[in-house]
Amino acid sequence: MCNVRTCLCVHVHCICIVYSVPSILRDALQATTQAIEGELTKCLKLAFEFTGVLVYLMESPHPHPSSPFPSLFYLKQCLINCRQHEAFIKILMRDILLCAEHLDQLEQDFHANMDKLKDTVQSKTAVPTAQVYPLFISLSHLWSEFQDEVVLLSVLNSLLSSLASFTKSSSDMRKLEDINSSVDSSLVLTDEQRKAQTSGTEHRVNPEKHRNCEFLFPETTKDFDNLPLEFKGFCGFCLSAHDRLLLPGNPSLGLLHHRGRYYCFSSRDAADKFATSPEGFLSVCVDVSKRSPELIQLLDMHTHFSASTPGQKGTKSDLIKLPVTKNDAGTQTDTHFMESNIVKSYEWNEWELRRKAIKLANLRKKITRSVQTNLSHYLRDNTTQIYPLKETGSQCKREESSSVPKPSTYMSGLRGKDLPTQTVDLTLSCHTHNNITT
């Protein structure tokens, strides 16, 4: 009980600190959200200005030599950089929203555990450990999760500050103010304003002109707003025809359904021209993304390179294919699966063949002789063979037997008569006895 009282006193101080953590996190989260929103606003404003300048230059492709505008290539690269910055900031914004949702859930769990702890302890001087320790453990887990959120917010802030170095070249253009002053302010429009200008039935694509293509409209398509758009919603015609011009498309004009993908366009003329040869414009888009690889990630063009190898030249029909499913396989072959007929005595050298022929000719004139001396006579290998002795047996004894006659005597006059006693010898002779026995 003493330990529980000490633990309660220590935890009261810790609980006061934990109570202040959600408010601190809430303030930090609000400050980070405001910083990200401000950075996103500046990035979008810069992207809208670059888009307006490029549209102005596209309408007047031959400006005066003393024009303050930089090259189109530089402007397009700046626009791509701003759109990349916008995509990264939106990713950070999604993480901030998830962090806010998690923080709300943590606060609810924290207050619920605290209420349960108050009901358990109340004004008691001692509480059983089986009742209060599980509550302390749950509070420690919440404390660790609060610390994780603090670390996550610091990481997001560091990422936001590190992104600024990659947009310094586009945001620090010294001539941007001169460019904006020479461009009509009506051309600098937001993405929503550009879509509003081309909204309406009079700006829609006429599907009767394109019998071989399928166009989808909001009134005739289910879940029209949830369809996945190619090139992240940018106009494919402007991307190919105007060399990497990122102009947002308007889905309400009509979506082109081609090979399971949906393409939107910035105007009806762009949709009509793209529908005449979709494969040709798509091949140009792929070539453009090869020159600017950052567009592959920005516009999500990975599927266009699923069937091609970097540096490989393919046909237009090979640009868009479904990914090939691959698996690991192994094979094994014999080291020498074909029979080798190698003649060891084969010679290709003519002089070697001549030498062997001369040697054989000389051998035919030679005689082989052998001589044996007295010293070598006893060194010969001699062998002899003998037959083993046979085991034989003989019998030289004969067994015979003879029979001796048995003595037999007959006596008369022994039964009480007055006759005299007579004795008669009935023993047979040897000769008679042997005849009887045989």
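First, a word on what this report is: a plain description of the structure on this page. Everything quoted here is computed from the prediction, not taken from an experiment. (Residues numbered from 1 in each chain as written. Predicted model: local features only at pLDDT ≥ 70, side-chain atom pairs only at ≥ 80, totals over all residues. Heavy atoms only, no water.)

### What about the nonpolar core?
And then number 1: One finds F215, F231, L246, F265, F274, L295 and L299 to be the most contacted residues of the largest nonpolar core, which totals 39 residues.
And then number 2: Secondary structure elements with two or more residues in this core: α1 (2-59), α2 (72-121), α7 (236-241), α8 (268-276), α9 (278-291) and α10 (294-298).
And then number 3: At seven residues, the largest contribution of residues to this core is made by α1.
And then number 4: Those residues in contact with L299 that lie beyond four places of it in its chain are F231, K232, F234, L239 and L246.
And then number 5: The next biggest cluster of nonpolar side chains, apart from the first, holds 29 residues, and it includes V21, L29, V132 and F136. (Core = buried A, V, L, I, M, F, W, Y, C linked by side-chain atoms within 4.5 Å. Buried < 20%, exposed > 50% of the residue type's maximum accessible area, 1.4 Å probe, protein only. Helix = DSSP H or I, 4+ residues; strand = E, 2+ residues; numbered from the N terminus. Contact = heavy atoms within 4.5 Å.)

### Comments concerning the sheet that holds strand β3 (residues 261-263)
And then number 1: A sheet is described by the order of its strands in space; here three strands give the open sequence β1-β2-β3, paired in antiparallel fashion. Of all strands in the sheet, those with a lone pairing partner are β1 (214-216) and β3, marking the two edges. Across this sheet, the average inter-strand angle for adjacent strands is 35°, counted without regard to direction. (Pairing = 2+ DSSP bridges. Axes fitted to C-alpha atoms, helices over the stretch in contact; angles between N-to-C directions.)

### Structural notes on α2
Turn by turn, an α-helix covers 3.6 residues, leaving residues three or four places apart pointing in a common direction.
And then number 1: Between its first and last C-alpha atoms α2 spans 73 Å; for 50 residues at 1.5 Å apiece the expected length is 74 Å, and the two agree.
And then number 2: Q122 sits one or two positions beyond α2 and adopts a positive phi of about 55°. (Expected span 1.5 Å × (residues − 1).)

### Side note on the state of the cysteines
And then number 1: Applying the stated criterion across every chain yields a total of zero disulfides.
And then number 2: The structure places no disulfide on C235, whose sulfur is separated from the nearest cysteine sulfur, that of C238, by 3.7 Å.
And then number 3: Residue C235 is classed as buried on the basis of its relative accessible area, which comes to 1%.
And then number 4: Looking at C264, it has no disulfide partner, and the nearest cysteine sulfur is the one in C235, 7.3 Å off. (Disulfide = S-S within 2.5 Å.)

### Some words on α8
And then number 1: Listing the buried residues of α8 in full gives A270, A271, D272, F274 and A275.
And then number 2: Those residues of α8 that are buried are in contact with β1, α7, β2 (255-258), β3 and α9.
And then number 3: For α8, the N-terminal cap is S267; the gap from its side-chain oxygen to the backbone nitrogen of A270 is 3.3 Å. (Polar contact = N/O pair within 3.5 Å; in protein donor to acceptor, adjacent residues only side chain to side chain.)

### Description of the layout of surface pockets
And then number 1: Here the largest pocket is characterised by a volume of approximately 630 Å³.
And then number 2: Lining the largest pocket we find 22 residues, and of these E86, A87, K90, K232 and F234 sit closest to its centre.
And then number 3: Counting residues per element, the ones that place at least two in the lining of the largest pocket are α1, α2, α6 (191-197) and α10.
And then number 4: No other element matches the eight residues that α2 contributes to the lining of the largest pocket.
And then number 5: Taken together, the residues of the lining of the largest pocket break down into ten nonpolar, four polar and eight charged.
And then number 6: The calculated volume of the second largest pocket comes to roughly 540 Å³.
And then number 7: Taken together, 23 residues line the second largest pocket, and the ones lying closest to its centre are V55, E59, L247, S266 and S267.
And then number 8: Secondary-structure elements contributing two or more residues to the lining of the second largest pocket are α1, α6, α7 and α8.
And then number 9: Along the lines of polarity and charge, the residues of the lining of the second largest pocket split into ten nonpolar, eight polar and five charged. (1 Å grid on protein atoms, 1.4 Å probe; cavity = no way out; pocket = protein on both sides within 12 Å on 5 of 7 lines; lining within 4 Å. Points joined across faces, edges and corners; volume = space filled by probe spheres on them. Nonpolar A, V, L, I, M, F, W, Y, C, P; charged D, E, K, R; others polar.)

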